[in-house]
Amino acid sequence: EMVEFNVFFNRIIDRFEMSKSHKVLFERHLPKEQYFVEIDPDKLTQVIDNIISNALKYSPEGGKVRFGMTVEEGFLLIQISDQGMGIPKENVDRIFDRFYRVDRARSREMGGTGLGLAISKEMINAHGGVIWAESKYGKGTTIFFTLPFEMDDGGGEWD
Ligand code: ATP
Ligand code: MG
């Protein structure tokens, strides 16, 4: 399905913004231009839901969650950052492994299965994109993913 990414992304962020605690601040840095992506909206929603839930789970009181979107090398680059406890450097790439969780004590407390990002990776790859994380232990985490895009919706349909 051809979807305008800005509208799609904002709608997901809105849903979290309505239910989130007042102690976390959302900041959006999204372009005004339209970018069309050929996606399975349910699957992409699942991916973004997981990334935002993780960001909220690990955000400290007063923390900021930042949403960014730019065009890099012909792909949309989406970024979701938090100011949470971060992930030690040696573990960052492993968070995309199935059932991997950075530390058991912390994870037991937080709930979840450790599958969210493994599924996200499969789905982003299936859409022709890549996903990765950058993190500073004690400072915060950013999840990045890319998606191929078009500047118009291809026409022909009215919905
Ligand atoms: P699930 O998503 O299946 O409910 P989960 O959130 O533990 O469980 P993933 O979303 O795959 O699983 O994340 C894997 C692990 O990566 C988490 O358990 C956590 O240790 C770490 N992690 C993910 N996102 C963040 C983040 N924003 N800040 C700190 N650690 C994170
Ligand atoms: Mg998760």
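Everything below is about the structure shown above.
Calculation notes
Residues numbered from 1 in each chain as written. Chains lettered and ligands numbered in written order. Predicted model: local features only at pLDDT ≥ 70, side-chain atom pairs only at ≥ 80, totals over all residues. Heavy atoms only, no water. Helix = DSSP H or I, 4+ residues; strand = E, 2+ residues; numbered from the N terminus. Contact = heavy atoms within 4.5 Å. Buried < 20%, exposed > 50% of the residue type's maximum accessible area, 1.4 Å probe, protein only.

A. Quick look at the environment of Asp49. Its place among the elements puts Asp49 in helix H2 (residues 41-57). Spatially, the C-alpha atoms of Asp49 and Arg15 are 9.8 Å apart, while their sequence positions differ by 34 residues. Setting aside residues no more than four positions away along its own chain, Asp49 makes contact with Ile12, Arg15 and Phe16.

B. The arrangement of the environment of Leu147 in detail. As for its placement among the helices and strands, Leu147 is situated in strand S7 (residues 140-148). Taking C-alpha positions, Leu147 is 12 Å from Val47, a pair spaced 100 residues apart along the chain. In this view, Leu147 contacts Phe5, Val37, Ile39, Leu44, Phe75, Leu76, Ile124 and His127; residues no more than four positions away in its chain are not counted.

C. The arrangement of the environment of Phe36 in detail. Inspection of the secondary structure assignment puts Phe36 in strand S3 (residues 36-38). For Phe36, a relative accessible area of 11% gives the class buried. Taking the C-alpha atoms as reference, Phe36 lies 23 Å from Phe16; in sequence the two are 20 residues apart. In this structure, Phe36 is in contact with Met2, Val3, Glu4, Pro148, Phe149, Glu150, Met151, Asp152 and Asp153, ignoring residues within four places of it in sequence.

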